[in-house]
Amino acid sequence: MTSRAALFHGPGRPFEVAEVELEEPGERQVLVRVAAVGLCGTDLHMVRGEWRRPTPMVLGHEGAGVVEAVGLGVELLAPGDRVVISWAPSCGHCADCRRGRPAACIELQRAIGGGTLLDGTTRISRDGETVYRGTATGALTELLTVDESVALPLGEDVPLEQAALLGCAALTGVGAVLFQARPEPGASVLVIGAGGVGQFVVQGARIAGAGEIVVADPLDSRRDQARKLGATRDCPPEGLKETLAAVAPDGLDYAFDAVGAPETSALALRWTRNGGTTVLVGLPAAGARLDLDPADFSRREKWLTGSMYGSEDPAVALPVLLEHVRSGALELEPMLGPRYALDDVNAAFEASLAGAPGRVLVLPNG
Ligand SMILES: [Zn+2]
Ligand SMILES: [Zn+2]
């Protein structure tokens, strides 16, 4: 079986769209025809050379599509089913999977580091050479084989382009609020960074019933969008002191860093009120370090935590998010940015790197 896929050959080198060989779906695996893939910060870390992984690699892990075929033992899915691709299968036996956090699973993290699926294989090759998978997925391809456990049933009513965002940015951003921070109704919330994940943190805060929702981002376009999605105030990061002077001069109850750079994490901690909670959501570049003042935790009793992939098993979290989509509380359509064909994958990454407002989508099947 063959599929056209976008191959990443390393930072600074263009993507190559080429035909690759796929193995038929194995036991408990499904073959998905990929409709849409959102480009995520994790993909950008790779393109910028901030993380090292084996190549050639198919990037992309935030996708949705339609099941085309199923392997042996697949019980819950059939050809024609519409699915969201999650990137965190549960190994089922480690302590993290047992506590409902498959994204923290050490075996999964090892697979992601090695560019493979959970079982150490990739099931993709080109001229006999192994092709690796980004984030244990590799969705920038027409056809994708994944474990049944990560092809999550979507139902019929959510468009696939919108559904793609549920696979990573929405689970990550909304989940960080609803499943990790769990703010009390009326709590004040600061969101640093209004890219894809940050916009979903804003929506999560609104859904949770937060009072003030303040967004800090350097780009006007992103701040405008955040206001439409529920932010009550906005400013560039350097304007926080002035913006908060009237409403929360001592900081906010919850501060989310949706960027993951040491400066933005420090800013989130700085503007968390005494006894409040800082949540790190964005993933840092390899080797990043945070400089902490211990008095923030002793004298000022702040809480510092993080959230990985929404702090919940995606199979549990997705139905909750879908309910919010169906009720109209969680908006996906305004989050969508420009769409690109698979052949234009290089232009798609350029747009994403340039900070295009809205999620940049690649449509592998046109
Ligand atoms: Zn992602
Ligand atoms: Zn595990």
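Source: prediction; values computed, not measured.

Calculation criteria
- Residues numbered from 1 in each chain as written.
- Chains lettered and ligands numbered in written order.
- Predicted model: local features only at pLDDT ≥ 70, side-chain atom pairs only at ≥ 80, totals over all residues.
- Heavy atoms only, no water.
- Donors = N, O, S within 2.8 Å, 3.2 Å for Na, K, Ca; no water.
- Tetrahedral: all angles 85-135°; square planar, octahedral: opposite > 155°, others 65-115°.
- Helix = DSSP H or I, 4+ residues; strand = E, 2+ residues; numbered from the N terminus.
- Buried < 20%, exposed > 50% of the residue type's maximum accessible area, 1.4 Å probe, protein only.
- Pairing = 2+ DSSP bridges.
- Contact = heavy atoms within 4.5 Å.

K.L.:
Can you walk me through the coordination of the zinc ion (ligand 2) in this structure?
P.N.:
By definition of the ideal shapes, a tetrahedral metal site with four donors has angles of 109.5 degrees and an octahedral site with six donors has angles of 90 or 180 degrees. In this structure, C91 (SG), C94 (SG), C97 (SG) and C105 (SG) serve as the protein donors to the zinc ion (ligand 2), at separations of 2.3 to 2.4 Å. Angles of 107 to 111 degrees at the metal separate the four donor atoms of the zinc ion (ligand 2), which places the site in the tetrahedral class. Look at where the donors of the zinc ion (ligand 2) fall in the sequence and you get C-x2-C-x2-C-x7-C. On the criterion of sequence distance, the pair formed by C94 in the loop between β6 (82–85) and α2 (95–98) and C105 in the loop between α2 and α3 (106–114) is long-range, its members being eleven residues apart. Here C94 matches C105 in class, with each residue buried.

K.L.:
Help me out: how do you make sense of the pairing of strand β3 (residues 29–38) in this one?
P.N.:
Along any regular strand, the residues point their side chains to alternate faces of the sheet. Counting buried positions along β3 yields eight of ten residues, so the element is predominantly enclosed. Bridge count between β3 and strand β10 (residues 143–147): five bridges; the pairing is antiparallel. Looking across to β10, one finds that L31 is bridged to T145. Judged from the eight bridges that link them, β3 and strand β5 (residues 62–70) form a sheet pairing that is antiparallel.

K.L.:
Would you mind showing me how to read the coordination of the zinc ion (ligand 1) here?
P.N.:
The coordination sphere of the zinc ion (ligand 1) contains the protein donors C40 (SG), H61 (NE2) and C168 (SG), at a distance range of 2.0 to 2.2 Å. Taken in sequence order, the residues that donate to the zinc ion (ligand 1) follow the motif C-x20-H-x106-C. A residue pair is termed long-range when its members are at least 10 positions apart, and C40 in the loop between β3 and α1 (41–47) and C168 in helix α4 (residues 160–181) qualify at 128 residues. Accessibility assignment for this pair places C40 and C168 in one class, buried.

K.L.:
For this particular structure, what's the right way to read the environment of P54?
P.N.:
Structurally, the position occupied by P54 is in the loop between α1 and β4 (57–58). Distance in space between the C-alpha atoms of P54 and V131 is 8.8 Å, their sequence separation being 77 residues. Once residues lying within four places of it in the same chain are set aside, the contact partners of P54 are G113, G114, G115 and Y132.

K.L.:
I would appreciate a short explanation of the sheet that holds β4 in the present structure.
P.N.:
Backbone-to-backbone hydrogen bonds pair the strands of a sheet. The strands run either parallel or antiparallel. The sheet built from six strands is open, its strands ordered β8-β7-β2-β1-β4-β9 with mixed pairing. In this open sheet, the two strands that pair with only one neighbour each are β8 (129–130) and β9 (132–133). With six bridges joining them, strand β1 (residues 2–8) and strand β2 (residues 16–22) adopt antiparallel strand pairing. Directly across from L7, in β2, lies its bridge partner E16.

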